[in-house]
Amino acid sequence: MESVKSTYEQLQTENDELRFLLEEANDTIEAIRSGQVDALVVKGDEGHQLYTLKTADQTYRVFIEKMNEGAVTLNREGIILYSNSRFASMVNEPLEKVIGIHFDVFIAEVSAGKYKEVIKDGWNNDCKGEILLSSLEGKLTPCLLSCTTLDLDEGTALSLILTDLTSQKETEWELKIKNDQLEEAQNIAERLNNELEDTVRERTSDLLISREHFKLLANNIPQMTWTNLPGGEVNFYNQRWFDYTGLRYGETAGWGWQQIVHPDDLQRTLDVYLDSLKTGKVFELENRYLRWDNTYRWHLNRAVPLRDDTGEILFWVGTATDIEEQKKQLDLKDEFIGVASHELKTPLTSLKGYLQLISVYKREEVPPMIKQYVEKASGALNKLQRLVNDLLDVSKIHAGRLEYVMAEVNLSELISLTLENAVHLYPEFEFINLSKSEFFIEGNAGRLEQVLVNLINNSVKYSTDNKKIIIKTEQNNKKVRVSVTDFGIGMSAEQIDHIFERFYRVEDKKFMASGLGMGLYISAEIINNHKGSIGVVSELGEGATFYFELPLLEK
Ligand code: ADP
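Counting of residues starts from 1 at the beginning of each chain's written sequence and follows it residue by residue. In keeping with the predicted nature of the model, local features appear solely for residues at pLDDT of at least 70, side-chain atom pairs appear and are counted solely at 80 or more, and the whole-chain, interface and lining totals rest on all residues. Note that water and hydrogens are dropped before the side-chain values are worked out from all heavy atoms of the structure.

Participant: Before we move on, could you go through the overall build of the protein and cite the residues and values that matter?
Facilitator: The number of helices and strands found in the protein is 15 helices and 19 strands. Taking all 555 residues of the protein together, the buried fraction comes to 34%. Considering only residue pairs separated by 6 or more positions, the protein has 52% of its internal contacts joining residues 24 or more positions apart. In short, Shrake-Rupley with a 1.4 Å probe defines the accessible areas, and a residue's cover is counted only from the protein chains shown. By element, 54% of the accessible surface of the protein is carried by carbon and sulfur atoms, the whole surface being about 35,600 Å². Strands here are runs of E lasting at least two residues and helices are runs of H or I lasting at least four, both read from the DSSP assignment and numbered beginning at the N terminus. Three labels apply to residues, based on accessible area from a 1.4 Å probe with only protein chains included: buried if under 20% of the type maximum, exposed if over 50%, partly exposed otherwise in between. Contact criterion: two residues are considered in contact whenever any of their non-hydrogen atoms come within 4.5 Å of each other.

Participant: So what's going on with the site of the ligand? Residues and values would help.
Facilitator: In this text, near means that some heavy atom of the residue lies within 4 Å of the molecule or strand in question. What surrounds the ligand is a group of 19 residues, the closest being Asn458, Tyr462, Asp486, Arg505 and Leu520. Within the side chain of tyrosine 462, a nitrogen or oxygen atom sits 2.9 Å from an oxygen atom of the ligand. Side-chain polar atom of aspartate 486 to a nitrogen atom of the ligand: 2.9 Å apart, as the coordinates give it. Bound to the protein, the ligand loses 97% of the 530 Å² it would expose on its own. Mapped onto the shell around the ligand, the elements with two or more residues apiece are helix H13 (445-461) and helix H15 (519-529). Here the shell around the ligand takes three residues from H13, the largest share from any one element. Throughout this entry, Asp, Glu, Lys and Arg are counted as charged residues, while Ala, Val, Leu, Ile, Met, Phe, Trp, Tyr, Cys and Pro are counted as nonpolar. The remaining residues, Gly among them, count as polar. Split into classes, the residues belonging to the shell around the ligand amount to ten nonpolar, six polar and three charged. Any N or O atom pair separated by 3.5 Å or less is treated as a polar contact, with the protein-specific requirement of one donor-capable and one acceptor-capable atom, and with residues adjacent in sequence counted only for side-chain atom pairs.

Participant: How would you explain unusual backbone geometry if you had to name every residue and give the values?
Facilitator: For residues besides glycine, phi is generally negative; the peptide bonds are generally trans as well. You will see that asparagine 294, though not glycine, has its phi angle at about 70°, which is positive. Along the chain, the position of asparagine 294 falls in the loop between strand S10 (283-290) and strand S11 (296-307). Residue classification places asparagine 294 among the exposed residues on the basis of a relative accessible area of 62%. Although it is not a glycine, lysine 531 adopts a positive phi angle of roughly 55°. Along the polypeptide, lysine 531 turns up in the loop between H15 and strand S18 (533-538). With relative accessibility at 70%, the residue lysine 531 sits in the exposed group.

Participant: Kindly report on the UniProt feature "coiled-coil region" (unreviewed entry) in the protein, identifying the contributing residues and their values.
Facilitator: UniProt positions are given in the numbering used here, feature names are shortened, and annotations may be inferred rather than shown by experiment. With numbering matched to this structure, UniProt assigns "coiled-coil region" (unreviewed entry) to residues 1-31 and 168-202. Here residues 168-202 is 100% helix and 0% strand, with 49 Å between the C-alpha atoms at its ends.

Participant: An account of a nonpolar patch on the surface is needed here, citing residue identities and associated values.
Facilitator: Residues forming no salt bridge and having over 30% relative accessible area are the ones grouped into patches, like charges within 9 Å of each other and nonpolar side chains (Val, Leu, Ile, Met, Phe, Trp, Tyr) within 5 Å. A side-chain nitrogen of Lys or Arg and a carboxyl oxygen of Asp or Glu constitute a salt bridge if their distance falls within 4 Å. Residues Ile358, Met369, Ile370 and Tyr373 make up a contiguous nonpolar surface patch of about 380 Å² in total accessible area. Among the elements that take part in the nonpolar patch, helix H11 (residues 368-398) stands out by supplying three residues, more than any other. Residue position: methionine 369 is located in helix H11.

Participant: Let's hear about the environment of leucine 402: which residues, and what values?
Facilitator: Topologically, leucine 402 is positioned in the loop between H11 and strand S13 (407-410). For the pair leucine 402 and glutamate 525, spaced 123 residues apart in sequence, the C-alpha to C-alpha distance is 8.9 Å.

Participant: Please provide a residue-by-residue account of helix H12 (residues 411-425), values included.
Facilitator: Counting along an α-helix, one turn takes 3.6 residues, and residues three or four places apart therefore face a common direction. Taking 1.5 Å per residue as the helical rise, H12 with its 15 residues ought to reach 21 Å, and the 21 Å between its terminal C-alpha atoms agrees with that figure. Inspection of H12 places Leu411, Ser412, Leu414, Ile415, Thr418, Leu419 and Ala422 among the buried residues, and these make up the whole buried set. Along the long axis of H12, the arc covered by the buried residues comes to 155°, so they all point the same way. For H12, the exposed residues lying more than 90 degrees away from the buried face are Glu420 and His424. Its buried side turned inward, H12 meets S13, strand S14 (430-433), strand S15 (440-443), H13, strand S16 (468-476) and strand S17 (479-486). The opening residue of H12 is asparagine 410, an N-cap whose side-chain oxygen sits 3.2 Å from the backbone nitrogen of serine 412. To estimate how far a helix should extend, the number of its residues minus one is multiplied by 1.5 Å. By definition, the arc is the one covered by directions from the helix axis to the C-beta atoms.

Participant: Kindly report on the sheet that holds strand S5 (residues 127-134), identifying the contributing residues and their values.
Facilitator: We treat two strands as partners when DSSP finds at least two bridges between them. With respect to topology, five strands assemble into an open sheet ordered S4-S3-S7-S6-S5, the strand pairing being antiparallel. Looking along the sheet, the strands with just one partner apiece sit at the ends: strand S4 (80-83) and S5. Going across the sheet, the axis of each strand differs from the next one's by a mean of 30°, ignoring polarity. The pairing of strand S3 (residues 70-74) with S4 spans three bridges and is classified as antiparallel. Its bridge partner being in S4, threonine 73 is matched across the sheet by tyrosine 82. The axes are straight lines fitted to the C-alpha atoms, using for helices just the contacting stretch, and the angles between their N-to-C directions are given from 0 to 180°.

Participant: Tell me what's going on with the packing of aromatic side chains, and back it up with residues and numbers.
Facilitator: Pairing of aromatic rings covers Phe, Tyr and Trp, the last through its six-membered ring, and needs centres within 6.5 Å; plane angles under 30 degrees mean stacked, over 60 mean edge-to-face, and all others mean tilted. This structure, assessed with the given rule, holds 13 aromatic pairs. On the numbers, 5.7 Å between centres and 85° between planes, the contact of phenylalanine 87 with phenylalanine 106 is edge-to-face. With phenylalanine 87 in helix H3 (residues 85-90) and phenylalanine 106 in the loop between helix H4 (95-98) and helix H5 (112-122), this residue pair connects regions lying 19 residues apart in the sequence. An angle of 80° between the planes, with centres 5.9 Å apart, marks the rings of tyrosine 237 and phenylalanine 242 as edge-to-face. Judged by relative accessible area, which is 5%, tyrosine 237 ranks as buried. An aromatic cluster is present here, built from Phe87, Phe103, Phe106 and Tyr115 joined pairwise through their rings. Positioned above the aromatic ring of tryptophan 298, the side-chain terminus of lysine 327 is 4.3 Å from the ring centre. Criterion for a charge above a ring: Arg CZ or Lys NZ at most 6 Å from the ring centre, at most 35 degrees from the ring normal.

Shown next as C-alpha cells:
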C-alpha cells in the first residue's frame with residue numbers, strides 16, 4: 001500500500017510539476033506569439049541548449065532572403081557560413097558556390113585595406129565602412145558594409161550586411177556631374193558677369209570721358225553749339241550760347257530758340273531747319289541771333305545728323321559761328337566793288353568810244369600795225385568791260401537791284417545765236433547743237449544769253465585735250481532743260497557744293513584759268529529770277545554737264 005501511496009504522492013508531485021511546465025509552456029507560447037522571445041535555452045542531458053524557434057527562424061529567413069541587402073555570416077577565419085541570395089547575385093555566383101568560401105575573394109583589391117580595418121573592429125563593436133565588392137570576374141559593386149557579431153551555439157560569428165550603393169553612387173555621380181556642370185555654368189556666369197561689369201565700367205568711364213571731352217570741347221570752342229532731337233527739339237546748348245543770349249536753358253530749350261532769331265530771318269530759318277529734319281540733309285544757313293545787349297549778329301549755322309548702325313538719326317549736332325565781322329568785311333568789299341565798278345565804267349565807255357573813233361579814222365591811211373594794235377586794244381577792252389559788268393552785276397545782286405524786263409524769248413534761237421558767236425570766238429572747238437524743237441519761255445534774252453555765254457566760256461576754259469562741247473535742249477515736263485557738256489577737268493562733289501557761291505574758285509595749282517569766280521554766281525541768280533533751277537553733273541577728270549531748267553511758256 002505504501003508503494004501505492006508513494007506512487008500517488010509521486011504522481012501528485014509529477015502532476016503538479018507537469019502543470020507548472022504546462023503553464024510555463026503556455027507562457028512561452030504566449031511570449032513567442034507576442035514576439036517577446038525568439039529563442040529558448042532548454043536544459044537537456046548535455047546541459048543547456050539553445051533552440052531558435054522554427055517559426056521565428058523561418059520569418060527571419062524569409063525576411064533576410066527578401067532583403068534588398070546582401071547578408072552573410074562569417075566565422076573567425078572569414079569563411080562564409082551563410083549567405084542570402086541577394087549577396088550571391090551581387091557577386092554574380094550561385095548561392096551554393098558562395099557558402100563555404102573565403103569572403104576576402106569578393107573584396108576588390110583597392111578596398112582590401114579598408115575591409116580589413118572594418119572587419120577587425122567588427123569583431124569588437126558594430127561598425128560600418130564603404131568598400132568595393134568584386135565578383136570573381138571582376139565586376140565591381142560599391143557597398144556599405146555593416147558588421148555586427150552574432151553569438152551562435154557554434155561560437156561567435158560575424159554578420160555582414162552589404163548595402164548596394166551603385167544607384168546611390170550613380171545618383172551621387174550624376175549629382176556630381178550636375179554639380180560640376182552647375183559650378184561650370186556658375187563660373188561662366190560669373191566670368192560673363194565680371195566681363196560685363198568690366199565692360200560696363202569701361203564704357204561708363206569711356207562715356208564719362210567722352211561726355212567730359214564733349215562738354216570741354218563744347219564749352220571751349222568759339223562757336224555756339226547745340227544738339228537737337230530728330231523731331232527738332234533742342235536738348236543741349238553749350239555755355240557760349242547762354243553767355244551770348246543771356247537766357248537760361250529753359251527759356252530757349254525745345255523750340256524756344258525761335259524768339260532770338262531775327263524776325264526777317266525766322267521763316268527762312270524754319271523752312272531750312274524743317275527741310276533738314278525731314279530729309280536728313282546737312283542744315284546750313286545764315287541768320288541773325290539776338291545778343292543779350294539787344295543787338296543782332298549774323299551767324300552761320302551748320303548741323304549734321306548723328307546716325308546709329310541702322311542709319312536712323314539719333315540726334316543732330318549744330319554749331320552757330322559768328323560771321324558778323326566777315327559779313328561787314330564782305331559788305332565793305334561789295335560796297336567797294338559797287339563804287340569801283342561804277343567808277344571804272346565811265347572811263348571804260350570813253351576809252352571804247354575813242355578806240356572806235358580811231359578804228360573808223362578815214363582822213364589818211366592808218367598804218368596796218370596801228371590797226372592791229374587798235375584791234376588788240378578793243379579785244380582787251382571788251383574783256384575788261386565784261387569783268388566790270390560782272391562786278392557791277394554782283395554788287396547789284398547783293399543790293400537786290402538786279403532788275404530786268406521780261407518778254408517772250410525764243411530759247412532755241414537764242415542758243416543758235418550764242419553758239420554762232422562761240423564758234424567765231426573759239427575756232428579750235430567743235431560745238432555740237434543737239435537742240436531740235438523750238439522752245440519759248442518768258443524771260444530776259446540779254447540775261448539768259450549771259451548765262452549761256454558763261455557756261456560755254458567755262459566749258460572752253462576748263463577743257464584740256466578734248467575740244468568738243470555739246471549743247472542740248474529738251475523738254476522735261478512743263479520745263480525746258482538746256483545743258484552744256486564738256487570733256488574737260490571736271491569737279492569733285494566737294495567743289496560742286498561751292499561753285500555757285502560768290503567769288504568761289506577751285507584752287508588747283510595744276511590748272512588755273514583766269515576768272516574771279518563770279519560767272520556761276522551771277523548765272524544762278526539770273527536763273528533763280530526766272531523761277532528756274534541750275535545745276536551740274538560732274539566728276540573730277542570726267543568733264544562736266546552744266547544745265548538750267550526754265551518753265552515753258554504756256555501757249
Ligand atoms: P570763274 O571765273 O572762276 O570761271 P565761275 O563762277 O564761272 O568763275 O566758276 C566757278 C568755278 O567753278 C571755277 O573757278 C571752276 O573751278 C569751276 N568750274 C566752272 N565751270 C567748270 C567746268 N565746265 N569744268 C570744270 N570746272 C568748272
